[in-house]
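Inside the fold
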Amino acid sequence: MKKIVLFALLITVVLLASCASTDDSSFGKIYDRHTGLILAGSTTYTVRSGDTLAGISRQVYPNGYYYPVIMLASKNVILDPDKIQPGMQLTVPNLQVNLNNPDGKKAVKGVILDLSRVENGRGRKETAKGMRDLANSL
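Here the structure is a predicted model, which is why all the values come from computation and not from measurement.

**Quick notes on the pattern of salt bridges**
All chains considered together, the criterion is met by seven salt bridges. The shortest N-O distance in the salt bridge between Arg 33 and Asp 114 comes to 2.9 Å. Highlighted residues: Arg 33 in helix α2 (residues 24-33) and Asp 114 in helix α6 (residues 102-121), separated in sequence by 81 residues. On the basis of relative accessibility, which here comes to 53%, the residue Arg 33 falls in the exposed class. Across the pair Asp 114 and Arg 117 runs a salt bridge, and its minimum N-O distance is 2.4 Å. Taken together, the residues Asp 114 and Arg 117, both in helix α6 and three residues apart, mark about one turn of the helix. For Asp 114, a relative accessible area of 7% gives the class buried. Look at the salt bridges and you will find they share partners, linking Asp 80, Asp 82, Glu 119, Arg 122 and Arg 124 into a network.

As structure tokens, then:
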């Protein structure tokens, strides 16, 4: 009986840990850590059916690994990168303006690194590596 209780407890702890790493509040914490993003010159993008954040990022930035920048600018709209819905109005910051400003660049780099850890935790190793490489090149 002790083994069954310990096993059930272990499973519960593992499930809670995995849920905690990707719940909405964890993205709020990520957003709170990264200030300084410049929104002057931003545009708005309306999500369409079939859109992904990486796909939107590929349309407006050099590659899809910049999607955390859109997330940070749209923090009141995007609670999880895997849960965007048609009709959402996203803020798309001017990337070059942010990269040319020390505070903007720090925010861009930091949010990409943080989201690379989320991607890694979700088993998307290649995406996580691409994001880390991009952030480290900035």
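**A look at the pairing of strand β2 (residues 89-92)**
Side-chain positions along a regular strand alternate between the two faces of the sheet. Only one face of β2 is buried: it carries Leu 90 and Val 92, and the other face, with Gln 89 and Thr 91, is open. Relative to β2, strand β1 (residues 43-46) runs antiparallel, the two sharing four bridges. Bridge pairing in β2 links Thr 44 to Thr 91.

**Structural notes on the packing of α6 against helix α7 (residues 125-137)**
Here α6 crosses α7 at 165°, and the two axes come no closer than 8 Å. By the angle between their directions, the pair α6 and α7 is classed as roughly antiparallel. Viewed along their axes, α6 and α7 form a crossing whose handedness is left-handed. Counted together, Lys 109, Ile 112, Leu 113, Leu 115, Ser 116, Glu 119 and Asn 120 of α6 and Lys 125, Thr 127, Ala 128, Met 131, Arg 132, Leu 134, Ala 135 and Asn 136 of α7 form the full contact between these two elements.

The rules behind the values
- Residues numbered from 1 in each chain as written.
- Predicted model: local features only at pLDDT ≥ 70, side-chain atom pairs only at ≥ 80, totals over all residues.
- Heavy atoms only, no water.
- Salt bridge = Lys/Arg side-chain N within 4 Å of Asp/Glu carboxyl O.
- Helix = DSSP H or I, 4+ residues; strand = E, 2+ residues; numbered from the N terminus.
- Buried < 20%, exposed > 50% of the residue type's maximum accessible area, 1.4 Å probe, protein only.
- Pairing = 2+ DSSP bridges.
- Axes fitted to C-alpha atoms, helices over the stretch in contact; angles between N-to-C directions.
- Parallel < 35°, antiparallel > 145°, perpendicular 65-115°, else oblique.
- Left-handed = near helix turned anticlockwise from the far one by under 90°.
- Contact = heavy atoms within 4.5 Å.

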